[in-house]
Amino acid sequence: MVSVTLEVPGIGKYEQPTGLFINNEFIKGKKGQEFEVINPTTEKVICKVHEATEEDVDIAVAAARKAFKNGSEYRNMSTAARGKLLLDLATLFEKNIDLLASVESLDNGKSITMAKGDIGACIGCLRYYGGWADKIHGKVITTAEGTFSYTKREPIGVCGQIIPWNFPLLMWAWKIAPAIACGCTVVLKTAEQTPLGALVAASLCKEAGFPPGVVNIISGFGKTAGAAIASHMDIDKVAFTGSTFIGRTIMKAAASSNLKKVTLELGGKSPNIVFDDADIDDAISWVNFGIFYNHGQCCCAGSRIYVQEGIYDKFVQRFKERASQNVVGDPFDPKTFQGPQVSQLQYDRIMDYIKIGKEEGATVEIGGERHGDVGYFIKPTIFSNVKHDMKIMQEEIFGPVCAIAKFKDADEVVEVANDTLYGLAAAVHTKNLNTAIKVSDALKAGTVWVNSYNLLHWSLPFGGFRQSGIGRELGKAALDNYTQVKTVSINMKGAMF
Ligand code: TXE
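As a starting point, this report considers the structure included with it. Counting restarts for each chain, with residues numbered from 1 along the sequence as it is written. Reporting in this predicted model follows two pLDDT cut-offs: at least 70 for local features of residues, and 80 or more for side-chain atom pairs to be given and counted; totals over whole chains, interfaces and linings ignore these cut-offs and use all residues. Just so you know, side-chain values use all the structure's heavy atoms and leave hydrogens and water out.

Looking at the nonpolar core
Right, on to step 1. Counting residues in hydrophobic clusters, the biggest one holds 105 residues, and the most contacted among them are Phe93, Tyr129, Trp172, Phe210, Ile217, Phe315 and Phe319.
Right, on to step 2. In what follows, residue pairs with any heavy atoms lying within 4.5 Å of each other are defined as contacts. Setting aside anything within four residues of it in sequence, one finds Phe319 in contact with Ile284, Val287, Asn288, Ile291, Phe292, Ile305, Ile382, Cys402 and Ile404.
Right, on to step 3. For our purposes a nonpolar core is just a set of buried Ala, Val, Leu, Ile, Met, Phe, Trp, Tyr and Cys residues, chained together by side-chain atoms within 4.5 Å. The classification of residues rests on relative accessible area computed with a 1.4 Å probe and restricted to protein chains. Under 20% of the type maximum is buried, over 50% is exposed, and intermediate values are partly exposed. Counting residues in each nonpolar core, the second largest holds 29 residues, with Phe275, Tyr376, Ala405 and Val413 among its members.

Structural notes on empty space enclosed by the protein
Right, on to step 1. Here a cavity is any set of points on a 1 Å grid over the protein atoms alone where a 1.4 Å probe fits but cannot get out, and a pocket is any open set with protein on both sides within 12 Å along at least 5 of 7 lines; a residue lines the site when it has an atom within 4 Å of a point. Grid points are joined across faces, edges and corners, and a volume is the space filled by probe spheres set on the points. Applying the stated criterion to the full structure yields 3 cavities of 30 Å³ or more.
Right, on to step 2. For the largest cavity, the calculated volume is near 80 Å³.
Right, on to step 3. Surrounding the largest cavity, 16 residues form its lining, Pro271, Ala417, Gly423, Ala425 and Lys444 being those nearest its centre.
Right, on to step 4. Strands here are runs of E lasting at least two residues and helices are runs of H or I lasting at least four, both read from the DSSP assignment and numbered beginning at the N terminus. Of all the secondary-structure elements, those providing two or more residues to the lining of the largest cavity are helix 13 (410–418) and strand 19 (425–429).
Right, on to step 5. Roughly 60 Å³ of internal volume is contained in the second largest cavity.
Right, on to step 6. Every residue lining the second largest cavity is counted, 13 residues in all, and those nearest its centre are Ala301, Ser303, Glu396, Ile397 and Phe398.
Right, on to step 7. Its residues assigned to classes, the lining of the second largest cavity shows 7 nonpolar, 4 polar and 2 charged. Just so you know the grouping, Ala, Val, Leu, Ile, Met, Phe, Trp, Tyr, Cys and Pro go in nonpolar, Asp, Glu, Lys and Arg go in charged, and all remaining residues, Gly too, go in polar.

So, a negative patch on the surface
Right, on to step 1. Each patch is built from salt-bridge-free residues with over 30% relative accessible area, joining like charges within 9 Å and nonpolar side chains (Val, Leu, Ile, Met, Phe, Trp, Tyr) within 5 Å. Only the protein chains shown count as cover for residues, with accessible areas throughout obtained via the Shrake-Rupley method and a probe of 1.4 Å. Whenever Lys or Arg places a side-chain nitrogen within 4 Å of a carboxyl oxygen from Asp or Glu, that contact is recorded as a salt bridge. Only four residue types enter the charge count: Lys and Arg as positive, Asp and Glu as negative, with His and the chain ends excluded. In this description, the location of a charge corresponds to atom NZ of lysine, CZ of arginine, CG of aspartate or CD of glutamate. A grouping of Asp276, Asp277, Glu309, Asp409, Asp411, Glu412, Glu415 and Asp419 is seen on the molecular surface, where their side chains present a negatively charged patch.
Right, on to step 2. With respect to the helices and strands, Asp409 occurs in the loop between strand 18 (401–407) and helix 13.

Quick notes on the site of the ligand
Right, on to step 1. By convention in this text, a residue qualifies as near a molecule or strand provided that one of its non-hydrogen atoms is within 4 Å of it. Surrounding the ligand, one finds 26 residues, the nearest of these being Trp165, Lys189, Glu192, Ser243 and Glu396.
Right, on to step 2. What qualifies as a polar contact is a pair of N or O atoms within 3.5 Å, subject to a donor-acceptor requirement within protein and to the restriction that residues adjacent in sequence count only when both atoms come from side chains. In the environment of the ligand, an oxygen atom lies 3.1 Å from a nitrogen or oxygen atom belonging to the side chain of Gln346.
Right, on to step 3. When the ligand sits alone it has 810 Å² of accessible area, and the protein chains cover 89% of it.
Right, on to step 4. Put simply, the parts of the chain that give the shell around the ligand at least two residues each are helix 7 (222–230), strand 12 (237–241), helix 8 (244–256) and helix 11 (344–359).
Right, on to step 5. Broken down by element, the residue count for the shell around the ligand peaks at 3 residues, all from helix 7.

Considerations on the sheet that holds strand 20 (residues 447–450)
Right, on to step 1. Spatial strand order, 16-17-18-15-14-19-20: 7 strands in an open sheet with mixed pairing. Whereas interior strands pair on both sides, the edge strands pair on one side only; in this sheet they are strand 16 (363–366) and strand 20. Direction aside, neighbouring strands of the sheet carry axes that sit 25° apart on average.
Right, on to step 2. For strand 17 (residues 381–384) and strand 18, the ladder comprises 3 bridges, and the chain directions are parallel. Residue Ile382 lies in a different strand from strand 18, and its bridge partner there is Cys402.
Right, on to step 3. Contacting strand 14 (271–274), strand 15 (304–308), strand 16, strand 17 and strand 18, helix 10 (residues 312–324) runs over the sheet at an angle of about 165° to strand 18. Whether two strands pair depends on DSSP finding at least two bridges between them. Between the N-to-C directions of two axes lies an angle of 0 to 180 degrees, each axis being a line fitted to C-alpha atoms and, for a helix, fitted only over the stretch in contact.

This is the structure we're talking about:
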């Protein structure tokens, strides 16, 4: 195995795989290149991992294609046996929860408490899709006497999957689990910032008994390995989570190569709406969680906060007090709520937006600056007096920064909430059932939470309206992404013409 010995707080020494996971082995890349993985808390190098280039993508795709061939060990498995692979993998995640969570915190900077929550959600997702594997059916469709027609849901084939760095293991599970439930094989590229947890998880796939070539995990960069996946002629489907900009690139590459099927989960600028009649304490708690959870690095982050005029002043004051209490610091301290941003680049992007917000004339209620001297930490930042056309109200910041604005009534708030390119998520806080339903109906978003925020569940479809994406992940809906319908029509009446 290509690996290094690392030390993780709370775990001690462990063997971190660093190779490309192809055919159930950790191997070096063809060009022999490696890249550094940085600890965002200390800004120091954790280790180097092997880098996949175009040639390695070809090798991984060939392995996945071979595993997908009719008559292969994988294709000969019963659907229940395939489901059991995911169930066994879930059990191994459970056994290794401390290791997986610690590696995730080290690599990404998220607090250990949140990382454990992520692994719990991975386990739920793996089990959920393990349960689906033997329940994916077609239909019998009657058209006329003497004909017999049915549909089957067949696996799409070799799937390329490209994931981001904000939830490295959770995105891994969201992508791998439905693909395997449907009988596909996978070449997954992790984000260059956070390759470590996925490689540990890859070794658990082998331990769970996945046949070689079914799951292949490669570390590498977007412009090389990612682009090679998107334009590969022998990949049948690409699933991507990341920026809207790169989502568009991937769709173009898919269109100009082999028209592979595409699903995209992209950016957002989600509105979080608080009405006068909401329970103010609960609403503040959810608004705080909605934007500052995972350091604001959530595609569905509630970054635009609209508060009705009757409670606006009280809300801003109390929200400031609440957010100031969020513990920012060492991810391995169980009391920590917010760790560092993932990278220098993300830190710089966010600080740039903070500067722009100040220059545009918004008021910094709290934060607006770096936290500490080392690590990519940014203080929770709340802007008020934000106008609708300001950049900080329009563009995805992807950090612990939110903008608050006042509104008069439901019509006005729906209008501004919907005036965005995005449509991933939204929330409404009110005690009035009619308001909750009417406003949820009017909001253009793939998910609307009422009196909560960020409550995702593996059985609930998740994805974007408009430029927030194409297709839905999670729930039964994700099975559509990894299967295609075949119609078989049998004529039982002899020649007709
Ligand atoms: O994203 P990229 P970045 C948003 C967020 C953030 C911004 C930039 O606003 O500030 O995107 O983040 C791979 N062909 N989100 O630069 O570049 C890349 O290697 C194929 C929202 O990190 O989209 C990584 O694996 N792949 C988001 C993945 O795409 C390419 C999560 C995401 O990187 C590629 C992350 C290419 N040409 C960022 N270029 C969400 N929806 O949750 C890059 N990649």
